[in-house]
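Remarks on the overall topology
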Amino acid sequence: MTSERELLDRLGTVTDPQLDDDIVSLGLINEVTVDDGTAYVSLALNTPYAPGEMELGERIRDAIAELGLEPQLQADVDESVGFDTEVYPDIKNVIAVASGKGGVGKTTVATNLAAGLNDLGARVGILDADIHGPNVPRILNVEDEPSLTDDQRLIPPSSDGISVISMRFLTENEDDPAVLRGPMVNNVLMQFVEDVEWGRLDYLIVDLPPGTGDASLNLLQSVPVTGAVIVTTPQQMAVDDARKGLELFAQHDTEVLGVVENMSAFQCPNCDDTHEVFGRDGADGIVEDYGVDLLGRLPVHPDLGAEGTGRPAVTDTESAVAEPLTELVETVADRVGEVNRATVGDHRAEPDDADWLDDGA
């Protein structure tokens, strides 16, 4: 009969392809039990539906099956391996989407990221923290208003399964300006952070205001952000401002998942030709100077918000931009998984001395 020690040794041959080390050395094993031909393995994984993490799960199942055991896997993380369980105990990952300046398509990226993760099967919410330009409900076609719990917490309305909270819900008319300054902006944002009943989420996407102002600082100081996505366009001015945003996250020890270069070229919907009307390779300098990932390049295309309304293009399989958007969503999810598993590795030694393992088994 296979023992827990033999099972652990076998799992030590499974390599994490992104971190280039085995899952035992990385501390990704919480506990293993062998009972009546079934291997029960608890894993310190926290990134549901990330393609890389799903592939890793299949590698683990294959390794267990090679021992003649039936695999039963579950995921579980807590504060002991570096994850916050106080501020958002029911939210697995908070992804901030930021830009150094307005007009670069940050909200388009944020909403397509939310919709793409939702399409993968994840439970997703989006916090529209862009107080002065709250356009998330328009893009996601949110028709309902928030409701209240008995203790006066906001219950987000949903659109196609995505929970949404936005400043737009707090203005009397859709076109009313948000005439808010400094402390008022902070108060509204903190209400969105503290007084929303999100329920259980795999991902909360936060669409930050452009720039590096108080709203971004407050979020970093108040919420356990898993990582940030920086959006820019190829123009030098946008790239220079994006660098400032990246510096802001670095100063607050927030992982930058990578950079998205939006409007990288114009993709003609009639002839499929591309024209680099805003320059080219603007994000490459950021990638080289800061050692961050280029998450993807998105073209200028009518499906990416020219009308200002309509469903996110990532959900339209017939759209010419669905493929690069899907690739972006999967790349971001894999980067979140990489960051999460590295966090576990940083907080946990090899589990050879774990008290659940009987060395005499």
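What you see is a predicted model; the values in this text were computed from it and never measured.

A separate point is helix H3 (residues 106–120). Compared with the 21 Å implied by 1.5 Å per residue over 15 residues, the 21 Å span of H3 between its first and last C-alpha is a close match. Among the 15 residues of H3, 13 are classified as buried, and the element is accordingly described as predominantly covered. Backbone geometry just after H3 places Gly121 at a positive phi near 115°.

Before going further, it helps to examine the sheet that holds strand S17 (residues 294–297). Sheet architecture is open: eight strands sit in the order S10-S11-S7-S12-S6-S13-S14-S17, paired in mixed fashion. Among the strands making up the open sheet, the edge pair consists of strand S10 (158–159) and S17. Sitting on the sheet, helix H7 (residues 236–251) touches strand S6 (91–99), strand S13 (227–232) and strand S14 (256–261), and the angle it makes with S13 is about 170°.

This part takes up the side chain of Asn340. Along the chain, Asn340 falls in helix H9 (residues 322–347). When residues no more than four places from it in sequence are discounted, the contact partners of Asn340 are Asn46, Thr47, Phe83, Asn93 and Thr226.

Take the confidence of the model for the protein next. Of all residues in the protein, 87% have pLDDT values of 70 or greater, and the mean over the chain is 86. Below pLDDT 50 for its whole length, residues 179–183 participates in six contacts with residues either more than four positions away or in separate chains.

What follows covers the UniProt feature "binding site: ATP" (unreviewed entry) in the protein. The feature "binding site: ATP" (unreviewed entry), as annotated in UniProt, sits at Gly100, Lys101, Gly102, Gly103, Val104, Gly105, Lys106 and Thr107 in this numbering. Turning to its location among the elements, Gly102 is positioned in the loop between S6 and H3. A relative accessible area of 39% means that Gly102 is categorised as partly exposed. Looking at where Thr107 falls in the secondary structure, it is placed in helix H3. Leaving out residues up to four positions away in the same chain, Thr107 has contacts with Asn135, Val136, Ile139 and Asp207.

Turning next to the packing of H3 against H9. When two helices pack together, you describe them by how their axes are tilted relative to each other and by the distance separating the axes. Two numbers describe how H3 lies on H9: the axes approach to 9 Å, and their chain directions differ by 80°. The angle between the axes of H3 and H9 places the two elements in the roughly perpendicular class. Facing H3, whose interface residues are Val109, Asn112, Leu113, Gly116, Leu117 and Leu120, H9 presents Leu325, Leu328, Val329, Glu330, Val332 and Ala333. Of the residues that constitute the contact of H3 with H9, the class distribution is nine nonpolar, two polar and one charged.

Moving on: the pattern of salt bridges. Across all of its chains, the model carries 17 salt bridges by this definition. Of the charged contacts in the structure, one is a salt bridge between Arg61 and Glu58, with a shortest N-O distance of 3.2 Å. In this pair, Arg61 and Glu58 both sit in helix H2 (residues 51–65), three residues apart, roughly one turn of the helix. With a shortest N-O distance of 2.4 Å, Asp284 and Arg297 are connected by a salt bridge.

Reading guide: rules and limits
Residues numbered from 1 in each chain as written. Predicted model: local features only at pLDDT ≥ 70, side-chain atom pairs only at ≥ 80, totals over all residues. Heavy atoms only, no water. Helix = DSSP H or I, 4+ residues; strand = E, 2+ residues; numbered from the N terminus. Expected span 1.5 Å × (residues − 1). Buried < 20%, exposed > 50% of the residue type's maximum accessible area, 1.4 Å probe, protein only. Pairing = 2+ DSSP bridges. Contact = heavy atoms within 4.5 Å. Axes fitted to C-alpha atoms, helices over the stretch in contact; angles between N-to-C directions. pLDDT = per-residue confidence, 0-100. UniProt positions renumbered as here; feature names shortened; annotations may be inferred. Parallel < 35°, antiparallel > 145°, perpendicular 65-115°, else oblique. Nonpolar A, V, L, I, M, F, W, Y, C, P; charged D, E, K, R; others polar. Salt bridge = Lys/Arg side-chain N within 4 Å of Asp/Glu carboxyl O.

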